[in-house]
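Analysis of the macromolecular model
One letter stands for each residue in the lines below.
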Amino acid sequence: MPAQPGSRESMLPDAPGSGGGGLGGNSPGDQGQILGGRPGASTPRIPTSATDPTQSPSPTSLQMGISAPRPKPTPEAPFYGSLSLPEVLEDEGPPDGMTLDAAIDRALRENLDLRAKFFEIPQAQADILQAGLRANPIFYADSQLVPYGQFTRSRPGGQTQYDVNVTYPLDVSRKRRARVVVATRAKRVLEALYQDAVRMRIDELYQAFLDVLASRQTIRYASKSVEGLDRLLEVEQKKFQKEVTTRAEVKRVEIQRDSAKIGLLDAEEQYRKTKRTLGTILNLSPAEVESLEIHGTIFDKFSPPPPLEELNRLALNVRPDIVSYRLGIHRAEADVKLALANRYSDIYVLYQPYTLQNNAPNGLKSPTSWALGVTAPLTIFNRNQGGIQRAKLNVIQTQVQLATVERQTLTEVAQAYQEYQTSLEMVRKIEKDVLPDAEMVLSDSRRLFLGGEKDVTYYLSAQRDYNDLVKQYLDTMVRHRRSMLALNTAIGHRVLP
């Protein structure tokens, strides 16, 4: 469920190594969540124990929050009329249109969701500052032995005493230094989580950009369908005028032409819809979306990726969610040191620079003096044993989760790589074997139709079969291009354009 505006829920997933929610209340095991939420001010993105020396850390379970990106549906539309592949294969759109590289650059700069999540990083930097602050001294002043009325010779009493005290806590176990280390490592984890959010946002951009390309191809072919059926309708009308064919055959072609026009209208609306989706990711205004043109192709004109073994090594080294868990282990280890430092409370040193004993009622001189004292708790019962144990267990837990994420990543890379190989083989099979045969069949059917040996129904059936094959080819090419971009997402690095 998304974070509610103004709530304390984090916009990023739980940070590896931070632990989740602990015990309720202000018990020794209580701890706030790392990277807090928590849109809004004054909510630290590190545990309360890292900024408040009176509390102890207690890391608990983590939520993985990692899932493979779901594939987008491939646009489908019926094709009619005469279709020609070569001219479309070479058309990548306006030369000055927005390329995929330019779209990625703009999304990283302008995407509002990424902007909002980026603010977690400077907030974490503020938490480092907060964690490093020293405790404030305590000023105390009092007056003792104050009589009810006044002291007299007939009503003697002790001297009224006036004290000024300054108490300062000494961090003998170096909890402040441990808090700074925890906050610093928490920020590094957060930076990796933000990079993973960028990875997933780029994957959404991949799909939206490819949807626009596929929709544009649908429009091109739908337009060719209308043009082809217009020419076919002219031929049938001339035949009807010469009484070579019937009115029913003319109407049959006219119905097909009108259906193609409806398909073209639907394709144009689908194109506008995909552009609006892309414009949302790029933070474009409605006017900018209407004038948006992109430069790219659904066809694979690029070099193949490296072997699977090399892709696996690359993914394990650079994928940000894996990096976040490795950093989370260091962050959990820092939590252990903080928990050990929290075994001992601060020692309070008392300096009393001024004490006045009022001897005026006795007619004597009032003396002044100073005092020095120490207050130290005896750590006999509570030495943060539970917090230390939980912090150590959290290290092991994060290590196990890292192994899980690494295994899941290898599975995702293998699946994406296999999809790339399979779709590429399908595309090559259609290009090499199926399309040439289908073009030959269509050419023979056209020749027989124009020669009067076959009627229009025969030709339309052959054209429809060819168009179905072209549609299959385009859908397969879109699937293959989508697999290329999905491989980038699975690896966490752009190995294919």
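Analysis parameters
Residues numbered from 1 in each chain as written. Predicted model: local features only at pLDDT ≥ 70, side-chain atom pairs only at ≥ 80, totals over all residues. Heavy atoms only, no water. Helix = DSSP H or I, 4+ residues; strand = E, 2+ residues; numbered from the N terminus. Buried < 20%, exposed > 50% of the residue type's maximum accessible area, 1.4 Å probe, protein only. Areas by Shrake-Rupley, 256 points an atom, 1.4 Å probe, with all protein chains shown as cover. Patch = residues over 30% accessible without salt bridge, like charges linked within 9 Å, V, L, I, M, F, W, Y side chains within 5 Å. Salt bridge = Lys/Arg side-chain N within 4 Å of Asp/Glu carboxyl O. Contact = heavy atoms within 4.5 Å. Arc of directions from axis to C-beta. pLDDT = per-residue confidence, 0-100. Core = buried A, V, L, I, M, F, W, Y, C linked by side-chain atoms within 4.5 Å.

**Topic: the overall build of the protein**
Along the backbone of the protein there are 11 helices and 4 strands. Buried positions account for 43% of the 497 residues belonging to the protein. Approximately 26,000 Å² of the protein is accessible, and the part contributed by carbon and sulfur atoms is 55%.

**Some details on a nonpolar patch on the surface**
On the surface, Y168, L170 and V172 cluster together into a nonpolar patch covering about 240 Å² of accessible area. If you trace the backbone, Y168 turns up in strand 2 (residues 160–170).

**Quick notes on the side chain of T476**
Among the structural elements, T476 can be located in helix 11 (residues 456–491). With sequence-adjacent residues up to four places away left out, T476 is seen in contact with S423, M426, V427 and I430.

**With respect to the pattern of salt bridges**
The final tally for this structure, using the stated rule, is 27 salt bridges. A salt bridge links E191 to K187; its shortest N-O distance comes to 3.9 Å. Of this pair, E191 and K187 both sit in helix 5 (residues 175–241), 4 residues apart, roughly one helical turn. The class of E191 is partly exposed, set by a relative accessible area of 30%. Using a relative accessible area of 18% as the deciding quantity, one classes K187 as buried. Here R272 ties to E269 by a salt bridge, and the two come within 3.0 Å at their closest N and O atoms. Here E269 and R272 lie together in helix 6 (residues 247–282), a separation of 3 residues that amounts to about one turn. Residue classification places E269 among the partly exposed residues on the basis of a relative accessible area of 32%.

**Considerations on helix 2 (residues 100–110)**
Of all the positions in helix 2, only L100, A103, I104, R106 and A107 are classed as buried. Down the axis of helix 2, the buried set is contained in an arc of 165 degrees. They therefore lie on one face. Buried residues along helix 2 sit in contact with helix 3 (112–118), helix 5, helix 6, helix 7 (286–290) and helix 11.

**Remarks on the confidence of the model for the protein**
Should the pLDDT be low somewhere, the predicted coordinates at that spot are not to be read in detail. Looking at the protein as a whole, the pLDDT averages 82, with 81% of positions reaching at least 70. When the criterion is pLDDT under 50, residues 4–8 qualifies, and its contacts beyond four places in sequence or with other chains add up to 9 contacts. A low-confidence stretch, residues 20–51 stays under pLDDT 50, and its non-local contacts, those more than four residues away or across chains, total 102 contacts.

**Some thoughts on the nonpolar core**
Counting residues in hydrophobic clusters, the biggest one holds 60 residues, and the most contacted among them are L205, L232, L278, L282, I294, I298 and Y473. At 20 residues, the largest contribution of residues to this core is made by helix 5. Counting 12 residues, the second-largest nonpolar core is a separate cluster that includes A416, Y417, L424 and L496.

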